[in-house]
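# A closer look at the structure
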Amino acid sequence: MKKTYSEFIRNAFTVVLGTSVAQVFPLAFYPVLSRLYSPEDFGLMALFMSVTAIMVIVSSGAIEQAILVCKDRIETELVIRLLLLRSIVVLLIIYFILIISINTIPFLFKFKEFEKWIIIALLTSFFTIIFNLYNEWCVKQKEFKSLAKNKIYNSSFTSLFKLLSKYCSFLSNGLIFGELIGKFLVSFISVKSMMNKGTNIFKDYNIALINRARKKFKQYPRYMMFDMLINTIGGSAHVYIIAAYFSATELGYLTLTLSLLTLPVSVISAGIKDVFRQKANDLFINEGSCRKLYLDLLKPLLIGGLVFFGILYVIVPYIFPFVLGDEWVKSGLYAQYLIPFFYFNFVSMSLGGIFVIANKIKISLYWQIFNTISTIVVLFIGAAIYKSIYITLVLYMISKSVSYILYMLLSYKYSINYKYDKN
C-alpha cells in the first residue's frame with residue numbers, strides 16, 4: 001500500500017508541476033491581454049468558447065472517456081478511431097445544418113455575418129477533441145510526463161498567439177484566432193507523440209471492429225455525452241444570461257474573473273484528478289473499493305483549500321486592478337462573490353471520476369441535470385427579476401456550492417463496489 005501511495009504522490013506531483021508551469025503562461029499574458037483587449041472582446045470570446053465546447057461534446061459523444069477503461073492496446077486504438085471518425089462526421093453535419101439554416105430561415109438571416117465563424121468554431125472543436133483524447137490516452141498509458149508537457153504546450157501556444165493575433169489587422173478578434181492556432185499546434189504534437197509510441201490513428205479503420213467498439217461503449221454517447229453536455233450548458237448559462245440581460249462588457253468582466261479563479265483549480269485539482277482516476281480505477285477493479293484513497297485525499301484538500309481560498313478572498317480585490325489595470329476593478333469585486341463556490345469546485349473536482357469508474361454514469365447525468373437546472377433558475381431570478389448583477393452572482397455562488405457539495409457526497413457513496421463486497 002505504501003508503494004501505491006508513493007507512486008500516486010510522484011505521479012500527481014509530475015502532473016501538478018506540469019499544470020502549474022502551464023498556467024504560468026496565462027498568468028504572464030493576462031496583464032498584457034487585459035490591456036490590449038476590451039472587456040467586450042473577452043465577452044465575445046466567452047460566447048465563442050461556450051459554443052465550441054458544446055460542439056466538442058456533441059461531435060465526440062464523450063467517447064474519449066472510455067479510453068481509461070479499455071482492456072488493452074487494441075481496444076484503446078479502436079476507441080480512438082471510433083472517436084475521430086464520429087467527430088469528423090458529426091462536425092460536417094453540424095456545418096451543413098448551420099450553413100443551410102442561416103441562408104434559408106428568415107429569422108436567422110441576421111446571423112449571416114457570423115458565417116465565417118462557423119468553420120473557425122468547427123476546426124477549434126476538432127483540434128480540442130484531439131487534445132482531449134491525447135490527455136485520456138496519457139492517463140491510460142501512465143504517461144504523466146507527456147500529459148504534463150501537453151498541458152504546457154496548450155497554454156503556451158494559445159496565450160502566445162492570442163497576443164500575436166492582436167497585431168494582425170485583418171483579424172476582428174485575436175483572442176478567438178489565437179485559440180484556434182494554439183489548439184491546432186497542440187493537436188499536431190499530440191498526434192505525433194501517439195504515433196511515435198506505436199499508436200497509429202490513421203490506419204486499420206476496420207469498420208466491423210470499430211462498430212463492435214461502438215456497441216460496447218454505447219453508454220458513453222447515450223449517457224455520458226448528455227452528462228457532459230448538460231454540465232457544459234450549465235457552466236455556460238451565465239454567458240448567455242449575463243449577455244442577454246446586462247451586456248457583453250459586463251460578461252467580459254465576469255469572464256476574466258472566472259478565468260483567473262479557475263487557475264488554482266486547473267493547477268492543482270486537474271493534476272490530482274488525472275492521477276486519482278487512474279489509481280482509483282485500479283483499486284476499484286482489484287479491491288472493489290477506492291474509498292480509503294478518496295478519504296485520504298479529501299481531508300488535506302478540504303483544509304488546504306480553505307486556507308488558500310480564504311487568503312485569496314481577502315487579497316483578490318486588490319490584485320485584479322494591480323495586475324490587470326484599473327479598468328478591471330469590477331472583476332476583483334466579482335471574484336469575492338464567487339470564491340466560496342470555487343472552493344467546493346476545487347475539492348470535488350480534484351476527486352472527480354468516481355462515477356465513470358463505478359459505472360454510475362446515470363447518477364452523474366442526474367447530478368448534472370440538477371446542477372444545470374438550479375444554475376439557470378438562480379441566474380434567471382437574479383438577472384430577470386432582481387435585475388442586479390451582484391444579487392445574480394450571490395445566487396449563482398450558492399447554487400454552485402450546493403451542487404458541488406452534493407457531488408462530493410455522491411462520490412463518497414459510490415467509491416465502494418457493493419456488489420463486489422457481497423461476492
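Residues numbered from 1 in each chain as written. Predicted model: local features only at pLDDT ≥ 70, side-chain atom pairs only at ≥ 80, totals over all residues. Heavy atoms only, no water.

## Concerning the overall build of the protein
Along the backbone of the protein there are 15 helices and 0 strands. Overall, the C-alpha framework of the protein stretches about 60 × 50 × 40 Å when taken along its three principal axes. Counting the 423 residues in the protein, one finds 54% classified as buried. A fraction of 83% describes how many contacts in the protein between residues 6 or more apart in sequence connect residues 24 or more apart. Total accessible area on the protein stands at roughly 19,500 Å², and carbon and sulfur atoms take up 68% of it. Charged side chains in the protein number 42 positive and 22 negative. The centres of these two groups are separated by 6 Å. (Helix = DSSP H or I, 4+ residues; strand = E, 2+ residues; numbered from the N terminus. Buried < 20%, exposed > 50% of the residue type's maximum accessible area, 1.4 Å probe, protein only. Contact = heavy atoms within 4.5 Å. Areas by Shrake-Rupley, 256 points an atom, 1.4 Å probe, with all protein chains shown as cover. Lys, Arg positive; Asp, Glu negative; His and termini not counted. Charge placed at Lys NZ, Arg CZ, Asp CG, Glu CD.)

## So, the packing of aromatic side chains
Here the structure, examined in full by the defined rule, presents 25 aromatic pairs. Ring plane angle 85 degrees and centroid distance 5.5 Å describe the contact between F42 and W328, whose orientation is recorded as edge-to-face. Placement of the pair is F42 in helix 2 (residues 39–60) and W328 in the loop between helix 10 (291–324) and helix 11 (329–350), with a sequence separation of 286 residues. For F42, a relative accessible area of 5% puts it in the buried group. (Phe/Tyr/Trp six-rings, centres within 6.5 Å; stacked < 30°, edge-to-face > 60°.)

## Observations regarding the pattern of salt bridges
With the rule as written, the count across this model stands at 9 salt bridges. Across the pair R73 and E77 runs a salt bridge whose closest N-O atoms are separated by 2.8 Å. Placement of the pair is R73 and E77 together in helix 3 (residues 73–104), with a separation of 4 residues, close to one helical turn. Classification of E77 by relative accessible area gives buried; the value is 9%. Of the charged contacts in the structure, one is a salt bridge between K162 and E179, with a shortest N-O distance of 3.3 Å. Here E179 lies in helix 6 (residues 174–196) and K162 lies in helix 5 (residues 144–165), a separation of 17 residues in the sequence. Of the two residues, K162 and E179, both sit in the buried class. Because the salt bridges share partners, they merge into one network encompassing R73, E77 and R81. (Salt bridge = Lys/Arg side-chain N within 4 Å of Asp/Glu carboxyl O.)

## Notes on the state of the cysteines
Applying the stated criterion to the full structure yields 0 disulfides. Between C70, a cysteine without a disulfide, and C138, which holds the nearest cysteine sulfur, the sulfur-to-sulfur distance is 15 Å. No disulfide involves C290; its sulfur sits 19 Å from the nearest other cysteine sulfur, which is in C70. Take C290: its relative accessible area is 1%, and that puts it in the buried class. (Disulfide = S-S within 2.5 Å.)

## Quick look at a positive patch on the surface
A surface patch of positive charge is lined by R214, K215, K218 and R222. Here K218 lies in the loop between helix 7 (207–216) and helix 8 (219–245). For K218, a relative accessible area of 42% gives the class partly exposed. (Patch = residues over 30% accessible without salt bridge, like charges linked within 9 Å, V, L, I, M, F, W, Y side chains within 5 Å.)

## Structural notes on the confidence of the model for the protein
Mean pLDDT for the protein: 85, with 92% of residues reaching 70 or above. At the low end of the mean pLDDT range in the protein sits helix 15 (residues 418–422), at 53; at the high end sits helix 14 (residues 389–413), at 94. (pLDDT = per-residue confidence, 0-100.)

## Remarks on a nonpolar patch on the surface
Together, L302, I303, V307, I311, Y313, V314, I315, I319, F322 and V323 make up an exposed nonpolar region whose accessible area comes to about 920 Å². Tracing the backbone through its elements, the reader meets I319 in helix 10.

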